[in-house]
Amino acid sequence: MNEPQPIRPRPVLSELPAYAAGKPAAAVDGLVSYKLSSNENPYGPVPAVRAVLAEFTDFCRYPDPLSTALRERLGQHLDVSPQDIVTGAGSLGALTQIITTFAGAGPDGTQDEVIYAWRSFEAYPIVVRAAGARDVQVPLTADFRHDLDAMAAAITERTRVIILCTPNNPTGPALTGAEVEAFLAKVPQDVVVVLDEAYTEFITQPDAVDALSVYRRHDNVVVLRTFSKAHGLANLRVGYSVSHPHITQYLRVLATPFAVSSVAERAAIASLDHLDEVDERVARIVAERERVMTGLTELGWDVPDSQGNLVWLPLGERAPEFVEAAARQALAVRGFGTEGVRVTIGEEEANTRFLQLCADFPPTP
Ligand SMILES: *Cc1c(COP(=O)(O)O)cnc(C)c1O
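Fair warning: this is a prediction, and the values are worked out from it, not measured in the lab. (Residues numbered from 1 in each chain as written. Predicted model: local features only at pLDDT ≥ 70, side-chain atom pairs only at ≥ 80, totals over all residues. Heavy atoms only, no water.)

Novice: It is not clear to me how empty space enclosed by the protein should be interpreted in this structure. Could you clarify?
Specialist: A probe matching the size of a water molecule, rolled over the atoms, marks out where space remains unfilled. Tallied over the entire structure, the rule returns 1 cavity of 30 Å³ or more. Considered as a void within the structure, the largest cavity measures approximately 30 Å³ in volume. What lines the largest cavity is simply Tyr19, Ser120, Phe121, Glu122, Asn169, Pro170, Phe336 and Arg342. Looking at the lining of the largest cavity residue by residue, the classes come out as 4 nonpolar, 2 polar and 2 charged. Taken domain by domain, the lining of the largest cavity gets at least three of its residues from each of domain 1 (11-45 + 276-360) and domain 2 (47-274). (1 Å grid on protein atoms, 1.4 Å probe; cavity = no way out; pocket = protein on both sides within 12 Å on 5 of 7 lines; lining within 4 Å. Points joined across faces, edges and corners; volume = space filled by probe spheres on them. Nonpolar A, V, L, I, M, F, W, Y, C, P; charged D, E, K, R; others polar. Domains from an automatic or database assignment.)

Novice: Honestly, the domain arrangement of the protein chain in this entry has me stumped. Any pointers?
Specialist: The assigned domain composition of the protein chain is domain 1 (11-45 + 276-360) and domain 2 (47-274). The gap between the C-alpha centroids of domain 1 and domain 2 is 24 Å. Contacts between the two partners involve 35 residues from domain 1 and, on the opposite side, 34 residues from domain 2. Of the roughly 2900 Å² buried between domain 1 and domain 2 on both sides combined, carbon and sulfur atoms contribute 60%. Its largest share of buried area at the contact with domain 2, domain 1 owes to Tyr19, Pro45 and Gln307, together 24% of the area lost on that side. Across the domain 1-domain 2 interface, the total number found is 2 salt bridges. Of the charged contacts in the structure, one is a salt bridge between Glu122 and Arg334, with a shortest N-O distance of 2.5 Å. Remark: the boundary between domain 1 and domain 2 carries 15 residue pairs in polar contact (both at pLDDT 80 or more). Mapped onto the side of domain 1 that touches domain 2, the elements with two or more residues apiece are helix H10 (275-298), strand E9 (310-313) and strand E11 (334-336). Broken down by element, the residue count for the side of domain 1 that touches domain 2 peaks at 9 residues, all from H10. (Contact = heavy atoms within 4.5 Å. Buried area = accessible area lost by both parts, 1.4 Å probe. Salt bridge = Lys/Arg side-chain N within 4 Å of Asp/Glu carboxyl O. Polar contact = N/O pair within 3.5 Å; in protein donor to acceptor, adjacent residues only side chain to side chain. Helix = DSSP H or I, 4+ residues; strand = E, 2+ residues; numbered from the N terminus.)

Novice: Explain the side chain of Arg73 to me, please; I cannot follow it from the model alone.
Specialist: Mapped onto the elements of the fold, Arg73 is located in helix H2 (residues 68-78). Polar side-chain contacts of Arg73 include one of 3.3 Å to the side chain of Gln76. Separated by 3.3 Å, the side chain of Arg73 and the backbone oxygen of Leu272 make a polar contact. Those residues in contact with Arg73 that sit more than four places away from it in its chain are Ile269, Leu272 and Asp273.

Novice: Help me out: how do you make sense of the packing of H10 against helix H12 (residues 348-360) in this one?
Specialist: Put simply, H10 and H12 touch, their axes get as near as 10 Å, and they point 10° apart. When the interaxial angle is binned, H10 and H12 end up roughly parallel. Touching Arg284, Glu288, Arg291, Val292, Gly295 and Leu296 of H10 are Glu348, Asn351, Thr352, Phe354, Leu355 and Cys358, all from H12. Across the contact of H10 with H12, the residue classes tally to 5 nonpolar, 3 polar and 4 charged. (Axes fitted to C-alpha atoms, helices over the stretch in contact; angles between N-to-C directions. Parallel < 35°, antiparallel > 145°, perpendicular 65-115°, else oblique.)

Novice: Help me understand the packing of aromatic side chains in this model?
Specialist: Aromatic ring pairs are defined here through the distance separating the ring centres and the angle between the ring planes. If you walk through the whole model with that rule in mind, you get 12 aromatic pairs. An angle of 90° between the planes, with centres 5.5 Å apart, marks the rings of Phe121 and Tyr124 as edge-to-face. The same class applies to Phe121 and to Tyr124, which are both buried. Centre to centre, the rings of Trp301 and Phe322 are 6.2 Å apart; their planes meet at 75°, and the pair counts as edge-to-face. Taken together, the residues span a long stretch of sequence, with Trp301 in the loop between H10 and E9 and Phe322 in helix H11 (residues 319-328) at a distance of 21 residues. Of the two residues, Trp301 and Phe322, both sit in the buried class. Taken together, the ring pairs connect Tyr116, Trp118, Phe121 and Tyr124 into an aromatic cluster. Taking NZ or CZ as reference, Arg284 lies 3.9 Å from the ring centre of Tyr43, over its face. (Phe/Tyr/Trp six-rings, centres within 6.5 Å; stacked < 30°, edge-to-face > 60°. Buried < 20%, exposed > 50% of the residue type's maximum accessible area, 1.4 Å probe, protein only. Lys NZ or Arg CZ within 6 Å of the ring centre and 35° of its normal.)

Written out as structure tokens, the structure reads:
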């Protein structure tokens, strides 16, 4: 008999960073614990969503693979053709469709390139490398924004996709419409540009990019949206992309069949049907973000502008120390090595405790 051969995964698996999901806070005596580590909506979905979940009965049936009802509802809501919308299991599912459709390794082994800013959303390197493509990470500027000039300069003939994350997770700044238009003027027509707008509902900056209007003007732009953040449906896994039919025709080929369950689809529709209540929750989070940002500034912290439901503390070497100090106050926050700490805007009491922690942890040692 032959020697047993070890099971071997594709070599690329040894090159993937592990996705470090935000953890819940460990219990501390006398303190309510708060999870400020995953940019979740602390107020959850609107009541109409809870009613949909309670009434749903079709668990034994497969969902509509095309999420037709949701795409039609979204089409109305966004004023785009439902044909231009492709749903996925979260916007991460939709992003995976885009990357695996347009970037990978060619038959001769040469790798396509995908450019994105870094630091940005930590799923990007995993999705890009898993597809067999090469990721090109362009460092953020000193004020934690995309360096669009450097990103344009990084384009080569192997570039297939560019991802812009606006507002940027984990640092917070949004791109302006003018910046994105000037950038697109330098991008070849056959390169797909993804605008990841996971936090778009939280934007208050008047000149922030309106990705849908960019998609209306540019054939090579794909807009990514999600119900996970503002709509408070992270656990139901529903997101989508918006792009023109010459792109969506390919995305549909590689979409995971039945990725969006019927219950998730109906919940998303119910949330869109009660948008005023969603907007109320978003307004509360934005007001809390402003309170936290103002508080931090008053305490002498220099943090980048945030247009999301998060703040970035550029603590460098002291980041791990801050994460531990937060844990002692029953706050789970998200440390990124020795770069910084991302803190989600949460319940009012959580934000107040976070500000107190920042008062006790001076910005300069
Ligand atoms: C949270 C997040 C997503 C995706 O979330 P889904 O739950 O998969 O929809 C995508 N992009 C960014 C930048 C995010 O922060």
